[in-house]
Amino acid sequence: MVAAGAALADEVGLGRLTMGLLAERLGVRTPSLYKHVAGQDDLNRRIAALALDEVAGAVGHAVQGYAGRDALAAATRAFRAFVVEHPGRYAATIGVEPAGPDDPLAVSGQKLLTAFMAVLHGYDVEASDVDHALRMLRSLCHGFATLEAADAFQWSADVDESFEWLIAFADRGLRAL
């Protein structure tokens, strides 16, 4: 049911996902869904956990065997592809807080951080700057991918070229540390 909710969120947008719409999609009555989730907030949290797990897997797989700029490019491309392909489920991850260290949100979030930490191992980032570097990478990836998913790049420059420019920019910045 969570996977169906995530797919529906990707289709209609997270803000338009309702229990009623999901029940209709699944061919069941809305009260039947409450056997599986506590309500809309619970459904959204479960979609967020699923999305974080999926994007962490994609980024983690992408960086294997790479270092430096190649790892950076692989990670950012995987993150971008996930957000563009799954905008609704990715939207569920924004602003949601784990309830504790064993919460699936925390576990999956840590997997994603670990994947991006692997990218940083290819650069000479001081321990005191790691959090800043991770936030920079998250901001670059999140900003670009969510704007692209919302079809917000309307001018003539090729979006893929712009993304490659972003990778080169981040690489130069990380090497300059």
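See the structure printed just above.
About the cut-offs
- Residue positions within a chain follow its written sequence, with the count starting from 1.
- With the structure being a predicted model, the display of local features is reserved for residues of pLDDT at least 70 and the display and counting of side-chain atom pairs for 80 or more, all residues being used for whole-chain, interface and lining totals.
- In computing side-chain properties, one takes all heavy atoms of the structure into account and sets aside hydrogens as well as water.
- Two rings from Phe, Tyr or Trp (for Trp, the six-membered ring) form a pair when their centres sit within 6.5 Å of each other. Planes less than 30 degrees apart are called stacked, planes more than 60 degrees apart edge-to-face, and all others tilted.
- The secondary structure listing takes helices from DSSP runs of H or I that are at least 4 residues long and strands from runs of E that are at least 2 residues long, numbered from the N terminus.
- Exposure classes here rest on a 1.4 Å probe applied to the protein chains alone. A residue is buried below 20% of its type maximum, exposed above 50%, and partly exposed in between.
- Charges are assigned to positions over rings by a cutoff of 6 Å between ring centre and Lys NZ or Arg CZ, combined with an angular limit of 35 degrees from the ring normal.
- Nonpolar cores were defined as sets of buried Ala, Val, Leu, Ile, Met, Phe, Trp, Tyr and Cys residues, with membership established by side-chain atoms within 4.5 Å.
- Contacts were defined at the residue level, with two residues in contact if any of their heavy atoms lie within 4.5 Å.
- A cavity here means a set of points on a 1 Å grid, drawn over the protein atoms and nothing else, where a 1.4 Å probe fits but cannot get out; a pocket is an open set with protein on both sides within 12 Å along at least five of seven lines, and a residue lines either one if it has an atom within 4 Å of a point.
- Grid points are joined across faces, edges and corners, and a volume is the space filled by probe spheres set on the points.
- Classification used: nonpolar for Ala, Val, Leu, Ile, Met, Phe, Trp, Tyr, Cys and Pro, charged for Asp, Glu, Lys and Arg, polar for all others including Gly.

Some remarks on the packing of aromatic side chains
Inspection of every chain in the model, using the stated rule, returns six aromatic pairs. Between tryptophan 165 and phenylalanine 169, the ring centres sit 5.6 Å apart and the planes meet at 10 degrees, which makes this aromatic pair stacked. With tryptophan 165 and phenylalanine 169 both in helix 9 (residues 159–176) and four residues apart, the pair spans about one turn of that helix. Here tryptophan 165 falls in the exposed class, since its relative accessible area comes to 57%. Positioned above the aromatic ring of phenylalanine 163 is the side chain of arginine 80, whose terminal nitrogen or guanidinium carbon lies 4.6 Å from the ring centre.

Some thoughts on the nonpolar core
Counting 54 residues, the largest nonpolar core has Leu17, Val59, Phe79, Leu112, Phe116, Val119 and Leu120 as its most contacted members. Elements that contribute at least two residues to this core include exactly helix 1 (2–12), helix 2 (19–26), helix 4 (40–63), helix 5 (68–85), helix 7 (104–120), helix 8 (130–149) and helix 9. Leaving out residues up to four positions away in the same chain, leucine 120 has contacts with Val125, Val130, Ala133, Leu134, Leu137 and Leu174.

As for the layout of surface pockets
In this structure, the largest pocket spans a volume of roughly 510 Å³. The wall of the largest pocket is formed by 15 residues, among which Leu52, Gly109, Leu112, Leu113 and Arg138 lie closest to the centre. Mapped onto the lining of the largest pocket, the elements with two or more residues apiece are helix 7 and helix 8. Considering each element in turn, the lining of the largest pocket owes the most residues, six residues, to helix 7. Of the residues belonging to the lining of the largest pocket, the class tally is ten nonpolar, two polar and three charged.

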